[in-house]
Each structure stands twice: as C-alpha cells, then as structure tokens.
Amino acid sequence: MQLTPDMKSWVESKIEELTLEEKAFLLSGVDIWRTHAVPRLGVPQLKTTDGPVGVRGGTMVDGTTAALTPSAVSLSATWDVEVVAGIGELLATEVRDKKADILLAPTVCLHRSPLGGRNFESFSGDDPFLGGKLAASYINAVEKHGIATTIKHFAANDQETRRFVVDQVISDRCLRELHLVPFQIAIRDSNPSCVMASYSKMNGVYASNNKRLLTGILRDEWKFDGIVMSDWFGVNSIVPSVEAGLDLEMPGPARKRGKNLVDAVNKGYMMESTLNINVRRVLGLIYKTGKYKHPLKEEEPEVASNRPEHQAFLRKAASEGIVLLKNEKGLLPLKLEKAKQVAFIGPNARESVAAGGGSAALNPHYRQNPHDSFVENAASMFPNLKVVHAKGCLANKWIPLFPKTCVSPKNGKHGMYMEYFDNTLLRGPAVHASHRESTVLSCYDNLPKSFVPGKRYSYRATGLLTPKTSGRHTFSMGSCGPGRLLVDKKVIINIWNRTKESERSEMFMAYASPEVRHDLDMIGGKTYLIEVEGVSRELDPIPVHYTNELYRDEIMDGSRVGFTEEVKDDLLGEAVDLAKESDLVVLVVGKNIEWESEAYDMKSMDLPGGQDELILQVLKANQNSIIVNQSGSPITMPWVDQASTILQTWYQGQELGNSLWDVLVGNISPCGKLPVTFPKRLEDTPSFHNFPGENDRVVYGEGIWLGYRHYDKAKVEPLFPFGFGLSYTKFEYKNTRVSSEVFKDKTTVSVNITNVGRMSGKESVQFYVSQTSRPGLARPIKELKGFAKVDLKPGETKTASYVLDKYALGYYDEKKRSWVVDKDAQFEVHAAASSRDIRGSAKFRVSGTMQWIN
Ligand code: BGC
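What counts, and where the lines are drawn
- Residues numbered from 1 in each chain as written.
- Predicted model: local features only at pLDDT ≥ 70, side-chain atom pairs only at ≥ 80, totals over all residues.
- Heavy atoms only, no water.
- UniProt positions renumbered as here; feature names shortened; annotations may be inferred.
- Helix = DSSP H or I, 4+ residues; strand = E, 2+ residues; numbered from the N terminus.
- Expected span 1.5 Å × (residues − 1).
- Buried < 20%, exposed > 50% of the residue type's maximum accessible area, 1.4 Å probe, protein only.
- Polar contact = N/O pair within 3.5 Å; in protein donor to acceptor, adjacent residues only side chain to side chain.
- Contact = heavy atoms within 4.5 Å.
- Salt bridge = Lys/Arg side-chain N within 4 Å of Asp/Glu carboxyl O.
- Phe/Tyr/Trp six-rings, centres within 6.5 Å; stacked < 30°, edge-to-face > 60°.
- Lys NZ or Arg CZ within 6 Å of the ring centre and 35° of its normal.
- Near = heavy atom within 4 Å.
- Areas by Shrake-Rupley, 256 points an atom, 1.4 Å probe, with all protein chains shown as cover.
- Nonpolar A, V, L, I, M, F, W, Y, C, P; charged D, E, K, R; others polar.

An unreviewed UniProt entry lists the chain under the name beta-glucosidase, with Tuber melanosporum given as the organism. Under Pathway (unreviewed entry), UniProt gives the following word-for-word description of the chain: "Glycan metabolism; cellulose degradation."

With that out of the way, let us pick up helix α11 (residues 272-288). Helix length check: α11, at 17 residues, gives a terminal C-alpha distance of 24 Å against a target of 24 Å (1.5 Å per residue), a fit within 8%. Of the residues making up α11, those classed as buried are Leu275, Asn276, Asn278, Val279, Arg281, Val282, Leu283, Gly284, Leu285, Ile286 and Tyr287. Just downstream of α11 lies glycine 290, where phi reads positive at about 85 degrees.

The next subject is the side chain of threonine 754. Summarising the element assignment, threonine 754 is placed in strand β28 (residues 747-755). You can call threonine 754 buried: its relative accessible area is 17%. A polar contact of 2.8 Å, which involves the side chain of threonine 754, links it to the side chain of threonine 797. With residues up to four places along the chain from it excluded, the contact list for threonine 754 reads Lys730, Phe731, Glu732, Leu792, Gly795, Glu796 and Thr797.

The next subject is the environment of glycine 63. Along the chain, the position of glycine 63 falls in the loop between β1 (48-50) and α3 (72-78). Separated by 673 residues in the primary sequence, glycine 63 and threonine 736 have C-alpha atoms spaced 51 Å apart.

This next bit is on the pattern of salt bridges. Taken as a whole, this structure holds 63 salt bridges when the rule is applied. Note that glutamate 717 is salt-bridged to arginine 836, the shortest N-O span being 3.4 Å. Here the residue glutamate 717 occupies a position in the loop between α18 (708-713) and β27 (731-738), and arginine 836 occupies one in the loop between β34 (826-834) and β35 (837-845), the gap between them amounting to 119 residues.

For the structure on display, the rule yields 32 aromatic pairs. Judged by centre distance (4.6 Å) and plane angle (90 degrees), the rings of phenylalanine 164 and tyrosine 199 are edge-to-face. Of this pair, phenylalanine 164 sits in the loop between β3 (148-154) and β4 (167-169) while tyrosine 199 sits in the loop between β5 (194-197) and β6 (201-202), placing them 35 residues apart in sequence. Note on accessibility: phenylalanine 164 and tyrosine 199 belong to one class, buried. For the ring pair phenylalanine 787 and tyrosine 802, a centre distance of 6.5 Å and an interplane angle of 20 degrees mean the geometry is stacked. Of this pair, phenylalanine 787 sits in strand β30 (residues 783-792) while tyrosine 802 sits in strand β31 (residues 797-804), and the two are 15 residues apart along the sequence. Judged by its relative accessible area of 18%, tyrosine 802 is buried. An aromatic cluster is defined as three or more aromatic residues linked by ring pairs; in this entry it consists of Trp79, Phe129, Tyr708, Phe722, Tyr768, Phe787 and Tyr802. Over the ring of tyrosine 206 we find lysine 201; its NZ or CZ atom is 4.9 Å from the centre of that ring. A cation over an aromatic ring shows up here: lysine 782 above the ring of tyrosine 768, its NZ or CZ 5.7 Å from the ring centre.

With that settled, the discussion passes to the site of the ligand. Taken together, the neighbourhood of the ligand is formed by 13 residues, with Asp50, Arg118, His153, Asp231 and Glu598 sitting nearest. Contact between the ligand and histidine 153: an oxygen atom at 2.7 Å from a side-chain N or O atom of the residue. Within the side chain of glutamate 598, one N or O atom sits 2.5 Å away from an oxygen atom of the ligand. Here the ligand loses 96% of its free accessible area of 310 Å² to cover by the protein chains. Its residues assigned to classes, the shell around the ligand comprises 5 nonpolar, 2 polar and 6 charged.

The next thing to look at is the side chain of serine 727. The residue serine 727 is located in the loop between α18 and β27 in this model. A relative accessible area of 18% means that serine 727 is categorised as buried. There is a polar contact of 2.9 Å between the side chain of serine 727 and the backbone nitrogen of threonine 729.

Okay, structure coming up:
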C-alpha cells in the first residue's frame, strides 16, 4: 500500500490521537468476521468474508445465498487469465452484496500431494507459475473495485493433517523456487491488500511468529505494503507475532492480544512505537477501502442477488475448466439424434457436487446436477430422448445430512428450528433462535453478543421427520461438545459424556467426535419428532506469556446429524441393467464436499465406495460409456484402459450441470488442461514418502522436484501429464521463435497455432524453459514460464506469445542467498501442448551472468 500524502496524514493524525488500548484493539478482530472500530475518532470497522469460490458473507452455514464459482483448481484448468479476471469482477459485485470490505482469497499453495484436502481450493496445482499468474489476475480484478483481497496461506499451507502444529522442514531453495513463488508473482503483478499467514510452523517457527517470512521476505525483499492477518485463531504469541509483522489477529474478540498487548507495553515487553508500525498498516488498509469517509454508517444487511449475467459467465467459466482426458472412440461430442435412451449412472449423477468443503463452502444461489440439467437442456432439442438414472453405489463418507423430509415445526420449511440457552442445561427461555436448513448445526457466528468465547452455552434443534419408506433407517451424529439425538423424546445417540480431551474425528472441520450411528425401525409416512441437543465445548484458558510461543485455540462448536433410509435395492445390478438397455451411459463418479475439505487430508487417491467396481461393471455392460469424474485432485483409474472416454470436471459450482451439457453435446470444444499431474498411483508421487509426516514434523524431502519436475527427472510415466487436455478439434504448432537469440530483459517467445480441425476451439499453449548448458546446480528438465490461450475458428491461424523475463531463467542458490543465472548460460524455450507434448523449440542464451535477491 503506497502511502499517499492524504493517507499518510489521516493515518498519522489517528496514531497521535489513539490511546494505547485503542491501538492494541485495532490489532485484533471484534467478532468472527469484523475488525475493531474506534467511533470517537471516526475509525470504522472492516468486514471480512471467505472466498475463494464465492462470497459467503458473515455466516458460516446457512447464510444468504451467493454465486458459487467453479473451484480454483477448475479455474486453473482454464489456463485463462481473462476467465479468472471475470471471476474476480463477479466476486467484487458479490462482496458489495455481502457488505464486506475484505475477501479472504485467493488460495495459492501448491498441490504437494494428491491427498491434500484443500487442493481443490488452490490455484496452483503442480506449478507455482500458473498459480501465481492466475492469482494476480484474480486479485487485480477484485482490487480495482476498492475491495481488499487476501492471498493465503503464507506459506506452503499444503497439508491439513495437524495443520495447527505441524512443523514443515523446507530447504530455502525449495521454498524460493516453489512454495513462495505464487505469492511472489501475485505481489509483483498485482497489489493484494492482505496476506493471511498459515497455521503451521516453518523450520521450527510458527508462520504467525515468523519474522523472516513476514518481514524479511514479504516486506523487505518483495516490498509488500499491505497487512498480514492471522488465519482464524492462528496467532501463536503475544509480542513476537507483532514484532514478526503479523498485523491483525483474527477473528475477535481478541484472544491473544487486546488487553495483553496493553500490558505487554506497560510492563516493558514491547515498545509502543513497535505496536505503532502494525497499527499504521491497519489504518492504512481502512483508509484504502474508502470506508473512513463514512465511519459511523451502520452496516447494511447482506443481499443475495442471483444475476443472469453471472449465471452465463459461470457457465462459460465452468465449461472451459473441463478437461477431456480420453475420447478414443469419438463418442464425444454426443450424437443424440438417433439415441433413444441415455442413462445417467453413479453416486454423483443426480447430486449437486458443486464444491469442496470447509471455509470455502457456501450456500449457492441455486443447485444443478448432471442428470437434471441434461434432461432440461435436452427436452426441447431431443423431445423423444429418454433419460434414466441409477445411483449404482453409495459413496458418502458420513451418513448424509437430513433430507427434505425433515421440516422445522415452526415454519414447515426444510430444516430445523434451533434455540440457544445461556446455560449448559438447556434451561429457561431461549436467548436466541434461528432456522437451520443444513443439519451441520454450526454454532460459530451470529451468536448473541453475551456468548463470549469461553462462556459455555447449550442449544437444541428440533425437526419433524417423515420417512418416505418403512424400514431400518440410520441416524448419525458427531458433536463438538457433549451432544445427544432424540427421536420422539427417546435418546438414541448419546455423546453427552464428551470432554475436551475426548477423541476427535474429521467431521465438522475436524472438531467433532467420531460419527456415532444408530439404526431404527421406522414407518414410512409417519412423522417423528427429532431433537438434537448439545453443549458448547470447554475451552482451554489462554496462558499469558508475553514473549513465549502460545498455542492456537478455537471456538468452533455445534454438531452434525445425518439420516438415511434403508437401501433395499441392488444398486449395482440396477445400474448394470440400465446400462445394458441404454444407447449411451454418462457415468458420473467422484468425491464430494465431505471427502475433500479443509481440516483434513484424504487417505487414498482411490474413488470412495464401490465406484471402481461400478465403473468396471458398467463398462462391461455398455461400451458407449462416458466417465465423468468430479474431484479436486487426481484419482486412481484402475479402469483407464477399458474406458474409451473420460472427462475430468472438478467441482464446477452452481453451473455444474449446464457446463457439462455444453461439453457433452459440443456447444463448446473442451479446452481445459490439467493444472496438476495425474499419477498412475500414489506411490509414484514426489511427496509419497514425506506426506503428511510424523510426530508433527513433515520434511519436504522432494525439494524442488515437485509435480512434472519429478516425473520428468525420475522418468516416471504419469497417467495424464501436467498441461494435458484434448479437444474436439486439432491444433498445429509452427515456427516457434524468440525475439532475440541473446536474452534481453524482455524476450518474447512466439508460435503460430492453426486450427486444422472442423470445429472452433481454444488452445492453451504452454512455454517451458530448459537450461541446456551445464547449470551450477541441478535444475528441472523444464519449467513452465509462460502460457497463452488462443481462440481459433477452423482453418484460422494466430500467434501465441509470451514475454520472458529474468525470472524465467534463474534458479535459487542457497549458498549465494540469491537467484542466479549462470555465466553465458544457454536455454531452450519449448512451445508445448502439454508437459509431455513439445511441439517446437527455440534457442537463446544470456550474455554474462545475472544475480538478484528478490
Ligand atoms: C481457513 C481460512 C479462512 C478462515 C475464515 C480458516 O479455517 O483456513 O482460509 O479464511 O478460516 O473462515
């Protein structure tokens, strides 16, 4: 943030007038999503909201609806800075709708392992260059509307296992050449107002206390001039975090800071002038958002506005992220003119698998699923086409959330009526109540002001459930604190003896007990009274050690309840029968919000449930089967040789059904390319031996050999390489060239691309740089240093080009503590259709050497 003279004088005038207490409180939030205000001095508060795939607003679950964009991994698969900029524009509008000032996005850490729970949420895939450039485009588009973005999580937040404590042991070279790069590029090419520090430790020091990272690298070297905030509850000290450069403790009310900071200054543990440095930056951000002009204006209620132009754009963005992995028989685009029946099979075929889980999840304006969107779109064009459906198998991780057949006794709407009591005994009149549609009964935000962290409370959610069928149905519950589930006043699940030391599971962002299940004989059509009761967790007191490392704490609370009716049918048999009698099968498989989420990593790359078996059986029954995989990370494909047609569709947000239709029928030619290598097996992956570590320590043993850098060097054949994706048309690459054979500060690489097929299409051209002369240190065989997307009609030729700068050439030498280009080094730049499909190369060299620090 460049301090303009006006900004400087506003900030300095506040610094002079603020009391020490007010300053201390400005360095932490006031509630879960907002910062402190100082009304007497006209200093307003700022409101944050999560991203990156939509703007959820100030409620974690069941908030106002919002546009749900494709997941970041899908946006990366577009390789298109303009599509990503369009997403940024759309999000800026939605941030305004939610009356927020700071978007907590984008997420950019690398996909270090296919098991990473948050991979779906990050722009970076295998490659930091792709992630950094796309993130910059996103940030520029949002910030130009006066909204602050928050690039996260600084740095290398690529595993969820033990994320609050794990120590990541990373060499400097690996950090500089990979894990810092998306942040560095985004800060160089755009101007994010905020950086969010990660939870974990890096080389022994918590990111939130890490002066080298937050001040040395970020500010001194890269000249970042915005604020650094903690991840939620991720401040790990009182004084050291301030001194390290962590400006804002989030969320509030202050847990580590606040009064403790005042005391720290008064007792001589820290100078007020040190505090002022961070306060200046927070004030600078407040000024930058423009909110200081109306400091006393009350926050308006959030708006949910489902805009047609956003829907259209999200449809395009989602379809352009879809990657065609195989089309050996030319089944795609579908020829539906002669077809009589199409079967949509699979656990995801008629579900809205739109996003991964955790803080990125939100309540979309509307939901689609592959089957229903196909039926709707096909209705007018192919009125005689019959579309049938079979689930094929179950693939849920936990018992699904309560179905539509559960309604609130208060208003008859789907969901439950939830009441809160200001004691642990559910006693007296409720002090607060709300309608909850989801049975993730979160008690995190929007609680009464009297519910301060640490003061325990209780809650009861009530619903009326009418099963459709008679049978032995299953209920489930996981609870953060003590909890129980009652049916018709009888306790059927009892987790009431839960203490703060009790075992946790992955449920409820990994705060809840293991899932407890109970089967109950029930009668179809009969209404049952369901009650869920719980008490908030007991929190650990926070010790006051001004200069020591402290642990994270958190106030996440609530419970999750599930219900499913007994499955009596032979799901697999039914699916196989439908496959046999249909002309075509669209088999929609994958993971979902519960398998891929913040707070935990995956245990396996395999598709969950009986999906591999289902695929094999369906492929046997009908050769005309199209496999559609929905996941944010690579999966194993033991059936890959039998499948002629495979689409990777990620998580596509609210337009998931229409975007799939567009690709299936050829409204667009697929143009997505993998932003991450799909390995054949987990054992082939570079971090296999070192993920997720042990005893809270993870060694980045693969060093700089991540993703395609590893597969190239170790000569390991991937299932589908980084950058790979087919099209319905064909592109020819000709005349790869550079603007100068001796590298000048900006040297352009270009290639002519011709569409030699019969359909319009887009091609993402990738430029990889290889050092061909002997390098001072071992280097990857090639690295992505440029990309360009061209849109071509049949027969048309365009030039794809990229301007290379010094960052395309250097490697990081730890001994010299700087980036280096070897003396008179020689290079080749390749124009490629994927990391394993080089179509042309051009040579160039440098004259002399280069060396730089940042
Ligand atoms: C996540 C952040 C998120 C924050 C607020 C944390 O659990 O790691 O990415 O912005 O919560 O919801």
